[in-house]
Amino acid sequence: MPNGRNLELSEVATIMEQEYGFGATPAQYKKKIRAWKLQKSIPKDKAFHMIKKQDQRLLEGKETYFEFNGQPVNNKLDRARKRFALELVDYSQSPSASTPSDVEYMTPRSPTSELDVSSPRPWTSSIDAVMTTTDMGNSSGSTNDHQDDFSLENGVIQMEIDSPQEYLDTPGPGGTERMPNLEEEIITTEVSKTYLSPPFLVTRDLDERVKKAMDVFFHYARHMLENTAAVEFDNVCGIINNLDYGLLPCKLAGSYIAVSAGTFTERLSSYSDKLQNTLNHVVEGEITKRSSAIIESATFNISFEALERNHKESARILRLCGFLHNEDIPHELIRRGLSLDDEEVQRVIDMMVHYSLIEQQSKTNNAFSIPSNIHSWLRESRHITQHEEELWGAFRLVSTSICEEPQNPKDFIFERGIPIHLVACWRYIKEHFGPMDLKHYPNTLAMYHAACLLFRQGMWTDAEDIYWRIMAVSKKALGSEHPTTLASMFNLAAVYVNTMRWNEAKELILEVLEVRKRLLGHQHPETVRGNECLADIFSNQGRFCEAEMLELQVLDWRMRVLPPEHPDTLTSFSKLAWTYCAQRQWEKAEKMARHAVEGRKKILGHEHPDTLSSMMSLAFIFKSQRRLKDAESLEVRALGARRKRVLGYQHPDTLTSMNDLASTYLELRRFKEAAELGLQALEGRKRVLDPQHLDTLDSITTVARIRREGDGPSLKN
């Protein structure tokens, strides 16, 4: 039987019986072939796993050689990549699974540089196994199963291998290396190139920079080097050379070609023409010197225009995302901000991924990032008129995604990832447009939602900046006594309270209260809120009797007008608890604090930020009465929720919980735990708050006590 002759299984069985006197049914052959693990196809789920692993390692700069059941399968994976391209997009976003036991992968020691071009016969590998009647057994099976193709010579099965590369890299059964006589021919990057008829190999003789560029191009083009004709390879070399071997341009070029229509040759030619025309246009006909920035800009432009032609909504959203921070952009932000359903969001993300204009975040797959150079190009490639419109559009996109009153853990977790994008967008606005004027008044609602979120996240400096600008624009547009203007003044005063600027806060609140009392009356809810804020200022200034008097008035009004468990009523109980605590009226303080904790647990939930604040108040009251175990229990629960699930590690309230628990551990003489938490709280407050903020100074005092009383770690200023 000639080498390399591919026969169906039924033909092999006939030949074996006629020429060798060996009788067995096709089902018996199949059973033995399965026992030897000689299978032509790879299960789809395992192929997808290997392709995903291959992609991940390629982005790390690593090549990967795969074996399935001991057989090389890299070429099969390339065919699967093209055949199941759309399914692979979905699979790539699924969580990573462990590598199956029958799959092995490794980094090749060196690329193969030799190829046998002398023999026209297919490459084969001998499986040294003699099939006997005993081995085959008497099992029966369906004769309609898929027929595996293989050839047989002298009683030895000859299985076809996908390429010479796999043959050269793979030992035969039993570890025996089979090295044919090879004639070496090398592809180089010199002007005079020698091309091999496919399949051909790129070897280590290539410049490493060129080889990496080619690897990236072919990977994202979803095309096998072994299947590339000489003329196509010439076109590829021309494209990569025009791209100056930049990895990002090669990635974009490959991705563009992968999703284009036509044969591979047609797609290469089309892209080559587009690239040349774009480069000529960019440098106005002078192409002798092209910087990497010009080349990147050309490839960005080609890919973005293609995205815009095929899915305008994806292109518009990508433009807006150019004004956000370029990393960790949540899919949920797009869904909420544009009121899209999950399927629409996925379609948008998939289109941007197809052109490699964004990258999925590998850890969670529910966020994406934009390569920094593309991110800059998205902002800088627009006319100033379009720039302003898109910049405010990006700001509205983020602010619209914000919940006005977040209530559940999902909302709190989502909000923790938003400030980085709000701040980035807001800084672009300030940089390009300076002071606000009347034309910006339509954007004040978006600014208000943004400032509220930043305030809730403890980012008071940024919140203050936005509130101040809302106030300035509102005064110009509506007048100083309009409810919107008064609300912006009230919010700004609340920021001053949290940053301990008591006099500025008091001045604004008194101004707001005077107007509200005159226009709305003493019993209006907004007037009552103003009195509550003034009571906060008095309490923080040590004027506890005046604070108590105002807080009792507010509580009395709310008990008459609102339900007993209304959130505002419970807030009054919580504030009175602090005031009684400051006056060392422990019984009253504990009663008020317990009422606030139980009410908020019932109405808002156990892990709502307001519930956790009430728990910390009650813990402080317990600690002040030396009920340290009770205090520790509440503080541990509050810190766990704030740090891991609700607010995050760097929120000021989380840092307060850490410092309070550290002081409790100090009182319990658990110095090691106290030192660890105390130092974390101090370092966090130095980063987040002003160095002279009272909370920062409180942390310094706590750590100093730990060092003094427990011989803890030294305090580093």
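Source: prediction; values computed, not measured. (Residues numbered from 1 in each chain as written. Predicted model: local features only at pLDDT ≥ 70, side-chain atom pairs only at ≥ 80, totals over all residues. Heavy atoms only, no water.)

## What about the overall build of the protein?
The number of helices and strands found in the protein is 32 helices and nine strands. For the protein, with 717 residues in total, the buried portion stands at 50%. Restricting the contact set of the protein to residue pairs at least 6 apart, pairs at least 24 apart contribute 68%. About 34700 Å² of surface is accessible on the protein, with carbon and sulfur atoms providing 49% of the total. (Helix = DSSP H or I, 4+ residues; strand = E, 2+ residues; numbered from the N terminus. Buried < 20%, exposed > 50% of the residue type's maximum accessible area, 1.4 Å probe, protein only. Contact = heavy atoms within 4.5 Å. Areas by Shrake-Rupley, 256 points an atom, 1.4 Å probe, with all protein chains shown as cover.)

## Let's talk about the sheet that holds strand E8 (residues 359-360)
If you trace the three strands from one edge of the open sheet to the other, you get E7-E9-E8, paired in antiparallel fashion. The open sheet has two free edges, formed respectively by strand E7 (329-330) and E8, since each of these has just one partner strand. (Pairing = 2+ DSSP bridges.)

## Notes on the confidence of the model for the protein
Across the protein, the average pLDDT comes to 77, with 76% of residues at 70 or higher. Per-residue pLDDT stays below 50 along residues 110-205; that stretch engages in 186 contacts with residues further than four places along the chain or on separate chains. Taken together, the stretch residues 285-289 has pLDDT below 50 and engages in four contacts with residues farther than four places along the chain or on a different chain. (pLDDT = per-residue confidence, 0-100.)

## Some details on the environment of Asn 280
Looking at the element boundaries, Asn 280 is found in helix H11 (residues 264-282). Residues Asn 280 and Ala 298, 18 residues apart in the sequence, show an inter-C-alpha distance of 9.6 Å.

## Comments concerning the sheet that holds strand E1 (residues 65-68)
Read from one edge of the open sheet, three strands run E2-E1-E3, paired in antiparallel fashion. Unpaired on one side and paired on the other, strand E2 (71-72) and strand E3 (103-106) mark the two borders of the sheet. The pairing of E1 with E2 spans two bridges and is antiparallel. Bridge assignment links Glu 67 to a residue of E2, and that residue is Pro 72.

## Comments concerning the packing of helix H30 (residues 652-667) against helix H31 (residues 671-688)
The interhelical angle for the contact between H30 and H31, taken along N-to-C directions, is 155°, at an axis separation of 8 Å. If you check the angle between H30 and H31, you find them roughly antiparallel. Crossing of H30 over H31 shows left-handed handedness. Contact residues: H30 offers Pro 652, Leu 655, Thr 656, Met 658, Asn 659, Leu 661, Ala 662, Tyr 665 and Leu 666, while H31 offers Phe 671, Glu 673, Ala 674, Leu 677, Gly 678, Gln 680, Ala 681, Gly 684, Arg 685 and Val 688. Residues belonging to the contact of H30 with H31 are distributed by class as follows: 12 nonpolar, five polar and two charged. (Axes fitted to C-alpha atoms, helices over the stretch in contact; angles between N-to-C directions. Parallel < 35°, antiparallel > 145°, perpendicular 65-115°, else oblique. Left-handed = near helix turned anticlockwise from the far one by under 90°. Nonpolar A, V, L, I, M, F, W, Y, C, P; charged D, E, K, R; others polar.)

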